[in-house]
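Structural overview for review
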Amino acid sequence: MRIYFLSYKPAILKLNGLYIGGIDLFEKHIEIDLSDSVLAEIVPGENLQPVNFFINERLLFAPPEYMDVYLMENEALIYIREYGNKSLNISVIAQTRFCGNLVTVFSQGGVYVSVEGGDYKLYPLSNKFRSALLEEQTISGLPVLAVRGGNSLLILSDSGKKIFLNDVESASFGNDLNVRIAFETCTAAKADCTYYYDGEKLVLQTSRTVETHKPEKNVLHFAFFESVLTCGDFAEYLSDELKPKANVMKSYLGEFVSVTVPTEKFYAVHGDIRAAGLVYPKASNLFEVKYFAVDIENSKISNVFPVE
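About the cut-offs
Residues numbered from 1 in each chain as written. Predicted model: local features only at pLDDT ≥ 70, side-chain atom pairs only at ≥ 80, totals over all residues. Heavy atoms only, no water. Pairing = 2+ DSSP bridges. Helix = DSSP H or I, 4+ residues; strand = E, 2+ residues; numbered from the N terminus. Axes fitted to C-alpha atoms, helices over the stretch in contact; angles between N-to-C directions. 1 Å grid on protein atoms, 1.4 Å probe; cavity = no way out; pocket = protein on both sides within 12 Å on 5 of 7 lines; lining within 4 Å. Points joined across faces, edges and corners; volume = space filled by probe spheres on them. Nonpolar A, V, L, I, M, F, W, Y, C, P; charged D, E, K, R; others polar. Phe/Tyr/Trp six-rings, centres within 6.5 Å; stacked < 30°, edge-to-face > 60°. Buried < 20%, exposed > 50% of the residue type's maximum accessible area, 1.4 Å probe, protein only. Lys NZ or Arg CZ within 6 Å of the ring centre and 35° of its normal. Salt bridge = Lys/Arg side-chain N within 4 Å of Asp/Glu carboxyl O.

Glancing now at the sheet that holds strand β19 (residues 190-197). One open sheet holds the four strands; their spatial order is β17-β18-β19-β20, and the pairing between them is antiparallel. Both edges of this open sheet fall to β17 (170-172) and β20 (202-210), since each of them pairs with a single strand only. Neighbour-to-neighbour, the strand axes of the sheet open up by a mean angle of 15°, direction not taken into account. One ladder, built from eight bridges, connects β19 with β20; its direction is antiparallel. Bridge pairing in β20 links Lys-190 to Val-210.

We now examine the layout of surface pockets. If you add up the space inside the largest pocket, you get close to 1,200 Å³. Forming the walls of the largest pocket are 26 residues, and the residues nearest its centre are Lys-128, Asn-166, Asp-167, Ala-182 and Glu-184. Of all the secondary-structure elements, those providing two or more residues to the lining of the largest pocket are β12 (120-125), β16 (162-167), β18 (177-182), α1 (220-229) and β21 (258-260). Of the residues belonging to the lining of the largest pocket, the class tally is twelve nonpolar, nine polar and five charged.

Moving on, we come to the packing of aromatic side chains. How two aromatic rings sit relative to each other is set out by the distance from centre to centre and by the angle between their planes. Summed over all chains, the structure comprises eleven aromatic pairs. Plain terms: the ring middles of Phe-266 and Tyr-291 are 4.3 Å apart, the flat faces sit at 35° to each other, and that makes the pair tilted. Of this pair, Phe-266 sits in helix α3 (residues 264-270) while Tyr-291 is found in strand β23 (residues 286-297), placing the two residues 25 residues apart along the sequence. Each of the two residues, Phe-266 as well as Tyr-291, counts as buried. Through successive ring pairs, a cluster of aromatic residues spans Phe-224, Phe-225, Phe-234 and Tyr-237. For the cation-ring pair, Lys-290 lies above Tyr-280, with the distance from its terminal atom to the ring centre recorded as 4.9 Å.

Within the structure shown, the criterion is met by eleven salt bridges. Between Lys-121 and Asp-119 there is a salt bridge whose closest N-O contact spans 2.7 Å. The exposure class assigned to Lys-121 is buried, which follows from its relative accessible area of 17%. Using a relative accessible area of 45% as the deciding quantity, one classes Asp-119 as partly exposed. A salt bridge links Lys-128 to Asp-167; its shortest N-O distance comes to 2.8 Å.

The values reported here are purely geometric and, on their own, carry no functional implication.
Right, here's the structure in full:
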């Protein structure tokens, strides 16, 4: 089976103790027999903890929490998305009192926010919050605490409940919460979302996705699937004959969470077709990639079908 390796930080890969090479956000692949249960070790820099695991069938159906596994056609991709820090010393990053709670952003290996009040809550955060800013705000007249870390925004309720966590390009508070979310798509799409706060949860009021760049012809099919994913005006990619079916396109494609480029092996098997991989959650940290292709006539999509 062909196994691809990705790491969010540059690292070296060892298999059964042998040095294989460096890995990062560019895919590296190895042919592995799962019955051999190969021991993999991935060692990052920056004083981060290495990870090690056996590559076998169990890994591909129950991955550990620090990795994501993507299952494809007789292939799999292993993405290491976090490493522990060798230093376990506690360091307070930011702290404030809010509505009777003591809110602390701190690092201890990873980054966390704790809320001590009527009860205790602890939420893991990304490394973006290693430089955090705490701000008291209001939404719909009710107090909330905004925790900013780079372009990431966490919002806590007055009881310390997590009600929002996402990367945002901008955010404004007041009668409503207004956020602009930038997507990593080939059209550089952005979504403007407005939320009402009922005291327990944020309720989406309006959402509008705008594609800021026109896609090149060779990535038109990727732009279409990304537009479906981000709730853009994907009907504009369809031919006049297919447009009436735009309202069922989401249910036809299912609940996919991202769009990916097919692998080299996929093209070797299926030829140079206009296909994209749609990523579907299967279990915790486990995803399945299904391939869909399109036919294009006169720069419009005239057919959408699964690749068998």
